[in-house]
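Observations on the model geometry
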Amino acid sequence: MELKHSYEAIVVGAGPVGLWLAAELRRYGVDVVVLERLAEPSQQIKAGSVGPSSAEIFDQRGLLERFPAPDPGVLAALGTGRPLGHFAGLWLLRGAPELRTMPVFAQQSQVEAVLESYARELGVPVLRGHEVTALAGDRVEVTRAGSATTVTGRFVVGCDGGRSTVRRLAGFGFEGTPATITGRQALVDIAGPNPLAKGWNRTGAGMIVYGPGPQRVLTVEFDGPPADRDRPLERAEIEASLRRVSGTEVVVESLVTGTRWTDNTRLATTYRRGGVLLAGDAAHVHPPFGGQGLNLGFQDAANLGWKLAATIAGWAPEGLLDTYGDERAPVAAAALANTRAQVALMRPDPQTSALRELFADLLAYDEPNAHVSRLMTGVDRPYPMASDHPDAGRVAADRPVGSSRLYELLRTPGGLLLDATADGAGARIASAWAGRVSAVPGPENLLIRPDGVVAWGGATLDGLDKALETWFGRP
């Protein structure tokens, strides 16, 4: 598919977040294109799973069944109980009541392949080998094979990673703390007998992870950032790091793929500058502990997609698009804080050892474990809502609704009103927003935004019309 001269929205970056955002926009009929600098999808090892909150988003779009079933051996390697993730290498197995869905155990490259297929099915053009080299207002200069073309987009969204070109060209501030560690992650073949212990292990030289798959290794060394992060990771380098941290004479026979990373931790000072917005790692970067970056990005895209589509369609209430940054930036800031804390808990010194033992003891108790689980998945921070319903500002839990279930109903674009009144009074009120909100009989009165978030609820219909106008504009 060829590049046109103008679009309603231009998404820069064909990683999982950019693909998800473009698909969300296209569901509403937005003329959107994805521009990607790389000619082929990256096969570098990155996140190894998608968390429970993002799995719920996938379920709301009917995509869960497209992901591969988890390898029983991988699940066994994670231990008994419900494997929800870890905090600084300390496993969180019990979780919290808000975490209702199992993670998706798939490599980031697999997730990206599923989402690209989904986006293309919806009619999204994904143009690889197209690099954005200039940005001014609504005009984007795209270079392909040395030839420059200028295209316009009413909105441009940077989903182009931690070193975002869009963020730099548009002049966004990006504040935080510099790198202090060198992390290496790789898929390798290890000669037998393999001396590495399974799981997360802290040593006097740093952290080392082996598994859950038979080739995956990760090291963290506290000797400053890498001198050249972009230089290809070689077999000898990952072998030397594994030996330093593990204290063994492990032999790496071959390197399949590998990458370096650091604890550079930064947050964009705003998520929007006029018609330019940021999502995913372009808006926030942090060390990858717990795979939080990918989940933050998916939730950014879910939050932004319908709001941007409403703005383009012309029915968005005033200020709706600005609520994207207002809602998402605090969630990202909390993730940045907890990843800094995880780095601190990994440091190889006696004081940190004492603190880590205390923290591990606390995680043995249900409430601290649940609190950290909420922290790691972002469900500890509901969005601010006028409604006093206990679920307001949180993603609604799936539940039976008539002969269907809630998440299946959310696959239809737009907001959803569950109407528990005997005479359909709620549906009559919502009918003034036909085309933006659908209504069905339900077990309780509940207004749900297109991103699955509860916007209003109540035993009576007081405040329903105000909530509808707040999120879906004038009737």
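Provided above is the structure to which this section pertains.
Residues numbered from 1 in each chain as written. Predicted model: local features only at pLDDT ≥ 70, side-chain atom pairs only at ≥ 80, totals over all residues. Heavy atoms only, no water.

**What to know about helix H6 (residues 235-246)**
For the record, the criterion: Each helix is a run of DSSP H or I of at least 4 residues and each strand a run of E of at least 2, with the numbering of both proceeding from the N terminus. Take the number of residues in a helix, subtract one, and multiply by 1.5 Å to get its expected span. Partly exposed residues are those whose accessible area sits between 20% and 50% of the maximum for their type, while under 20% is buried and over 50% is exposed, using a 1.4 Å probe and protein chains only. Contact criterion: two residues are considered in contact whenever any of their non-hydrogen atoms come within 4.5 Å of each other.
Taking 1.5 Å of rise per residue, 12 residues should cover 16 Å, and H6 covers 16 Å from first to last C-alpha, within 8% of that figure. When H6 is considered as a whole, its buried residues turn out to be Glu237, Ile238, Glu239, Ser241, Leu242 and Val245. Elements that come into contact with the buried residues of H6 comprise strand E10 (182-190), strand E11 (199-203), strand E12 (206-210), strand E13 (216-221) and strand E14 (252-261). Glycine 247 occupies a position one or two residues after H6 and carries a positive phi of about 70 degrees.

**Concerning the sheet that holds E11**
Heads up, the condition is: One requirement defines pairing of two strands: DSSP has to find at least two bridges between them. Here the axes come from fitting lines to C-alpha atoms, over the contacting stretch only for helices, and the angles between their N-to-C directions go from 0 to 180 degrees.
With antiparallel pairing, the five strands of this open sheet are ordered in space as E11-E12-E13-E10-E14. Every interior strand has two partners, whereas the edge strands, E11 and E14, have only one. Going from strand to strand, the sheet's axes swing by 20 degrees on average, the running direction of each strand aside. In this structure, E11 lies alongside E12, joined through five bridges in antiparallel fashion. Its bridge partner being in E12, asparagine 201 is matched across the sheet by isoleucine 208.

**Focus on unusual backbone geometry**
In this chain, glycine 192 is followed by proline 193 through a cis amide linkage whose omega measures -5 degrees. Looking at where proline 193 falls in the secondary structure, it is placed in the loop between E10 and E11. With an omega of 10 degrees, the peptide bond between glycine 211 and proline 212 qualifies as cis. Of note, proline 212 is situated in the loop between E12 and E13.

**Observations concerning the environment of isoleucine 57**
The residue isoleucine 57 is located in helix H2 (residues 52-60) in this model. C-alpha separation for the pair isoleucine 57 and alanine 268, spaced 211 residues apart in sequence, amounts to 24 Å. Isoleucine 57 has contacts with Trp20, Phe298, Gln299 and Ala302, leaving out every residue within four places of it along the chain.

**Considerations on the packing of aromatic side chains**
The following threshold applies: In this scheme Phe, Tyr and Trp rings, the latter by its six-membered ring, pair at centre separations within 6.5 Å, and the angle between planes marks the pair as stacked below 30 degrees, edge-to-face above 60, and tilted otherwise.
Tallied over the full model, the rule gives 12 aromatic pairs. Seen in terms of ring centroids, tryptophan 20 and phenylalanine 298 are 6.3 Å apart; in terms of plane orientation they differ by 75 degrees. Their pairing is edge-to-face. Note that tryptophan 20 is positioned in helix H1 (residues 16-27) and phenylalanine 298 in helix H7 (residues 292-313), a separation of 278 residues in sequence. Taken individually, tryptophan 20 and phenylalanine 298 each receive the classification buried, so the pair is uniform in this respect. Judged by centre distance (6.4 Å) and plane angle (55 degrees), the rings of tryptophan 306 and tryptophan 471 are tilted.

**A look at the pairing of strand E2 (residues 32-36)**
It is a general feature of regular strands that their side chains alternate between the two faces of the sheet. Filter applied, for reference: Looking down the strands as they point away from you, a crossover is right-handed if its path from the first strand over the helix to the second goes clockwise.
Summarising burial for E2: five of the five residues are buried, a large majority. Residues Val32, Val34 and Glu36 point to one face of E2 and Val33 and Leu35 to the other, with burial holding for every one of them. In this view, the connection linking strand E1 (residues 6-12) to its parallel neighbour E2 by way of H1 has right-handed handedness. Note: E2 against strand E5 (residues 126-128), three bridges, orientation parallel. By the bridge assignment for E5, leucine 35 is matched with leucine 127.

**Concerning the sheet that holds strand E15 (residues 265-268)**
Pairing within the open sheet is antiparallel, and its three strands lie in the order E9-E15-E18. Bordering the open sheet on either side are strand E9 (174-177) and strand E18 (284-285), each of which pairs with just one other strand. Sheet topology note: the E15/E18 ladder contains two bridges and is antiparallel. For arginine 266, the partnering residue across the bridge sits in E18 and is valine 285. Lying over the sheet, helix H8 (residues 322-346) contacts E9, E15 and E18, oriented at roughly 170 degrees with respect to E15.

**Structural notes on the pattern of salt bridges**
To be explicit about the condition: For salt bridges, the criterion is a side-chain nitrogen of Lys or Arg within 4 Å of an Asp or Glu carboxyl oxygen.
Applying the stated criterion to the full structure yields 28 salt bridges. The partner of aspartate 230 in a salt bridge is arginine 163, and the shortest N-O contact between them spans 2.8 Å. Within this pair, whereas aspartate 230 is found in the loop between E13 and H6, its partner arginine 163 is found in the loop between strand E8 (147-158) and helix H5 (165-170), the two being separated by 67 residues in sequence. Residue class for aspartate 230 comes out exposed when judged on its relative accessible area of 55%. Through salt bridges with shared partners, a single network forms among Arg184, Glu221, Arg231, Glu237, Arg244 and Arg260.

**Brief notes about a nonpolar patch on the surface**
The condition is simple: Only residues whose relative accessible area exceeds 30% and that take part in no salt bridge are eligible for patches, with like-charged residues grouped when within 9 Å of each other and nonpolar side chains (Val, Leu, Ile, Met, Phe, Trp, Tyr) grouped when within 5 Å. The Shrake-Rupley method, run with a 1.4 Å probe, gives the accessible areas here. Residue values count only the displayed protein chains as cover.
Taken together, the side chains of Leu355, Leu358 and Leu362 present a nonpolar region at the surface, about 260 Å² in accessible area. On the secondary structure map, leucine 355 appears in helix H9 (residues 350-363).

**Concerning H2**
By the criterion of burial, H2 is predominantly enclosed, with nine of the nine residues buried. Along H2, the residues that are buried comprise Pro52, Ser53, Ser54, Ala55, Glu56, Ile57, Phe58, Asp59 and Gln60. Those residues of H2 that are buried are in contact with H1, helix H4 (108-121), H7, helix H10 (366-377), strand E20 (404-405) and helix H11 (406-409).

**Details of the packing of H9 against H10**
The angle between the axes and the distance between the axes are what describe a pair of packed helices. Under the convention used in this document: Our angle categories are set so that under 35 degrees counts as roughly parallel, over 145 as roughly antiparallel, 65 to 115 as roughly perpendicular, and the remainder as oblique. Residues are grouped as follows: nonpolar covers Ala, Val, Leu, Ile, Met, Phe, Trp, Tyr, Cys and Pro; charged covers Asp, Glu, Lys and Arg; every other residue, Gly included, is treated as polar.
Where H9 contacts H10, the axes come no closer than 6 Å and their chain directions differ by 100 degrees. Between H9 and H10, the interaxial angle falls into the category roughly perpendicular. Along the contact surface, H9 presents Phe359, Leu362 and Leu363, while H10 presents Pro368, Asn369 and Val372. Per-class residue counts for the contact of H9 with H10 are five nonpolar, one polar and no charged.

**Digging into the environment of threonine 182**
Our working rule: Polar contact is defined as a pair of N or O atoms within 3.5 Å, subject to the rule that within protein one atom must be able to donate a hydrogen and the other to accept it, and that residues adjacent in sequence are counted only when both atoms are side-chain atoms.
With respect to the element layout, threonine 182 can be found in strand E10. Excluding residues that lie within four positions of it along the chain, threonine 182 makes contacts with Thr219, Val220, Glu221, Asp223, Gly224, Pro225, Pro226 and Trp261. Within the structure, threonine 182 has its side chain in polar contact with the backbone oxygen of glycine 224 (distance 2.7 Å).

**Brief notes about the environment of arginine 436**
With respect to the secondary-structure elements, arginine 436 resides in the loop between helix H12 (425-430) and strand E22 (437-441). Residues arginine 436 and alanine 22 lie 414 residues apart in sequence; the distance between their C-alpha atoms is 19 Å.

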